[in-house]
Amino acid sequence: WQRHPTTGDEYLEPTRIEFKDEDVQTYEAFRDELRAQKQQRQQQQTKPKPQPLSGAPAPAHHPALVQQLVRLGFSEEIANNALSNTDGDVEQAANLLMDQVGQ
């Protein structure tokens, strides 16, 4: 216990913890690994569950949305399936189709 020089209150002096360089490096590597795993989990949760874009018929979506994807060069069937995979979000559907074209 120590006394504060101005107020006279008693207090405990803070404990100072010093780490070795290798401890800091180990901690930072572990922290970075945890961050990467968390980011990977978040990306997996936000990605739509891919279904075949051709084959089984998908439920029909609003014709204007389908036509937006058709104008990008995709068939109506593939556009419909992409919209089904993205819950009708035409922007996500376009991204999904473009990603598959790039593979």
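These numbers come from a predicted model, not from an experiment.

A. Fine view of the nonpolar core. Val66, Leu69, Phe74, Ala79, Ala82, Leu83, Val90, Ala93, Ala94, Leu96 and Leu97 together form the largest nonpolar core, which totals 11 residues. Mapped by element, the contributors of at least two residues to this core are α2 (63–71), α3 (76–85) and α4 (90–102). Counting residues per element, this core draws most heavily on α4, which supplies 5 residues.

B. Focus on the side chain of Thr86. Relative to the assigned elements, Thr86 resides in the loop between α3 and α4. Within the local environment of Thr86, its side chain forms a polar contact with the backbone oxygen of Ala82, the two atoms lying 3.0 Å apart.

C. Here's a closer look at the pattern of salt bridges. Under the criterion given, the structure shown has 2 salt bridges. One salt bridge connects Arg3 with Glu10, and the closest N-O pair in it is separated by 3.2 Å. A relative accessible area of 55% means that Arg3 is categorised as exposed. According to the relative accessible area criterion, Glu10 is partly exposed, its value standing at 47%.

D. Spotlight on the environment of Val90. By secondary structure assignment, the location of Val90 is in helix α4. On a C-alpha basis, the gap between Val90 and Ala79 in space is 9.0 Å, while along the polypeptide they are 11 residues apart. Leave out the neighbours within four places in its chain, and Val90 touches Leu65, Gln68, Leu69 and Leu83.

Conventions and cut-offs
Residues numbered from 1 in each chain as written. Predicted model: local features only at pLDDT ≥ 70, side-chain atom pairs only at ≥ 80, totals over all residues. Heavy atoms only, no water. Core = buried A, V, L, I, M, F, W, Y, C linked by side-chain atoms within 4.5 Å. Buried < 20%, exposed > 50% of the residue type's maximum accessible area, 1.4 Å probe, protein only. Helix = DSSP H or I, 4+ residues; strand = E, 2+ residues; numbered from the N terminus. Polar contact = N/O pair within 3.5 Å; in protein donor to acceptor, adjacent residues only side chain to side chain. Salt bridge = Lys/Arg side-chain N within 4 Å of Asp/Glu carboxyl O. Contact = heavy atoms within 4.5 Å.

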